[in-house]
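So you can see what is in the structure, the chains are spelled out below.
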Amino acid sequence: MIRTQIYLDEGQKVALGRLSAERHAPVSDLIRQAVDQFIGRVSSDFEEALEKSFGVWRHRGKFGDSSKYVRNIRNEWKNREKRI
């Protein structure tokens, strides 16, 4: 484990102290659990959004061949850069 330092406001410190006493667990364990939950939630939210977005453009015939569309956008940016 890596030792780190965090800053808590008074209310957070008091709440963690109470929770630590109730659960008979060190505050550091509670903080690690909270970080694990946060990381898991953020990761799963991202993965869920990524999964939902998969194939979102598949029915957008307006753009035709996606490689041509991307190429055109890149060319537009190159032309803008030249003008600047």
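Provided above is the structure to which this section pertains.
All of the points below concern the structure found in this document.

### Things to note about the overall build of the protein
Within the protein one finds three helices and zero strands. Order of helices (α) and strands (β) in the protein, N terminus to C terminus: α-α-α. Along the three orthogonal principal directions, the C-alpha set of the protein runs to about 65 × 35 × 25 Å. By element, 55% of the accessible surface of the protein is carried by carbon and sulfur atoms, the whole surface being about 8200 Å².

### Describing the pattern of salt bridges
With the rule as written, the count across this model stands at two salt bridges. Its salt-bridge partner being Lys 52, residue Glu 48 comes within 3.1 Å of it at the nearest N-O pair. Taken as a pair, Glu 48 and Lys 52 lie in helix α2 (residues 27-53) at a separation of four residues, close to a single helical turn. Judged by relative accessible area, which is 64%, Lys 52 ranks as exposed.

### Description of a nonpolar patch on the surface
Taken together, the side chains of Val 35, Phe 38, Ile 39 and Val 42 present a nonpolar region at the surface, about 370 Å² in accessible area. Along the chain, Phe 38 falls in helix α2.

### Focus on the layout of surface pockets
Each pocket or cavity is described by its volume, and for the largest pocket that value is around 290 Å³. What lines the largest pocket is simply Met 1, Ile 2, Arg 3, Thr 4, Ile 6, Ser 28, Ile 31, Arg 32 and Val 35.

### Comments concerning unusual backbone geometry
The backbone of His 24 shows a phi angle near 55°, a positive value even though the residue is not glycine. One can find His 24 in the loop between α1 (10-23) and α2.

### Some remarks on the packing of α1 against α2
Running from amino to carboxyl end, α1 crosses α2 at an angle of 105°, the nearest separation of the two axes being 9 Å. Taken together, the axis directions place α1 and α2 in an arrangement best described as roughly perpendicular. Residues Leu 16, Leu 19, Ser 20 and Arg 23 of α1 lie in contact with α2, whose contacting residues are Val 27, Leu 30, Ile 31 and Gln 33. Considered class by class, the residues forming the contact of α1 with α2 number five nonpolar, two polar and one charged.

### Quick look at the environment of Ser 28
Note on placement: Ser 28 falls in helix α2. In this structure Ser 28 comes out as partly exposed when scored by relative accessible area, which is 36%. C-alpha of Ser 28 to C-alpha of Leu 16: the two residues are 12 residues apart in sequence and 9.5 Å apart in space.

The rules we used
Residues numbered from 1 in each chain as written. Predicted model: local features only at pLDDT ≥ 70, side-chain atom pairs only at ≥ 80, totals over all residues. Heavy atoms only, no water. Helix = DSSP H or I, 4+ residues; strand = E, 2+ residues; numbered from the N terminus. Areas by Shrake-Rupley, 256 points an atom, 1.4 Å probe, with all protein chains shown as cover. Salt bridge = Lys/Arg side-chain N within 4 Å of Asp/Glu carboxyl O. Buried < 20%, exposed > 50% of the residue type's maximum accessible area, 1.4 Å probe, protein only. Patch = residues over 30% accessible without salt bridge, like charges linked within 9 Å, V, L, I, M, F, W, Y side chains within 5 Å. 1 Å grid on protein atoms, 1.4 Å probe; cavity = no way out; pocket = protein on both sides within 12 Å on 5 of 7 lines; lining within 4 Å. Points joined across faces, edges and corners; volume = space filled by probe spheres on them. Axes fitted to C-alpha atoms, helices over the stretch in contact; angles between N-to-C directions. Parallel < 35°, antiparallel > 145°, perpendicular 65-115°, else oblique. Contact = heavy atoms within 4.5 Å. Nonpolar A, V, L, I, M, F, W, Y, C, P; charged D, E, K, R; others polar.

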